[in-house]
Amino acid sequence: NQPTIEQVEGEFWRIVEEPTDEMEVLYGADLHTALYGSGFPGFPRRGMHARGTEGAYANEKARTDEEQVEDHNYSTHLWNVNMFPMNPSSVLRHVDAALDIPGVTVPWLYFGSVLTSFSWHIEDHALCSVNYIHFGAPKVWYGVP
């Protein structure tokens, strides 16, 4: 029987408000996607990404022609986080193409187990943030206006 989102959220705030129990969670932050992958197909481009094969298939011949077309369409889609600096509507297109700025023009990868948290903060250069949940349970967000 899986707990509801409300039960998990209630437990989180109970621990925050009454920190009497010791607990351990798994969490990883600021992992460079050129090294670890982003969960999105890669597309050879600037700096570090151009040297890697992040997201590429090691054996293209094992993929059907249809799958290769679909992979290409997905890897070049402007909502693929690896493509944000090349989106004509993005302010990131004005950043020098020779620069790969981790967390800005190159996405970071984060992961966490249940009850992990990330400190409230202002994004680098006050830019907006885009997040995807590739798999796992729903995530609860709190925003501070």
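These numbers come from a predicted model, not from an experiment.

## Structural notes on the pattern of salt bridges
Under the counting rule described, the total for this entry stands at two salt bridges. Notably, a salt bridge pairs Arg14 with Glu11, separated by 2.8 Å at the nearest N-O pair. Residue Arg14 and its partner Glu11 are both found in helix H1 (residues 5-17); the two are separated by three residues, about one turn of the helix. On the basis of relative accessibility, which here comes to 28%, the residue Arg14 falls in the partly exposed class. A residue is classified by how much of its surface remains accessible, and Glu11, at 30% relative accessible area, is partly exposed. For the salt bridge of Asp21 with Arg14, the shortest nitrogen-to-oxygen distance reads 3.1 Å. What emerges from the salt-bridge pattern is a single network uniting Glu11, Arg14 and Asp21.

Procedures and definitions
Residues numbered from 1 in each chain as written. Predicted model: local features only at pLDDT ≥ 70, side-chain atom pairs only at ≥ 80, totals over all residues. Heavy atoms only, no water. Salt bridge = Lys/Arg side-chain N within 4 Å of Asp/Glu carboxyl O. Helix = DSSP H or I, 4+ residues; strand = E, 2+ residues; numbered from the N terminus. Buried < 20%, exposed > 50% of the residue type's maximum accessible area, 1.4 Å probe, protein only.

The quantities given are spatial measurements derived from coordinates; they are silent on function.
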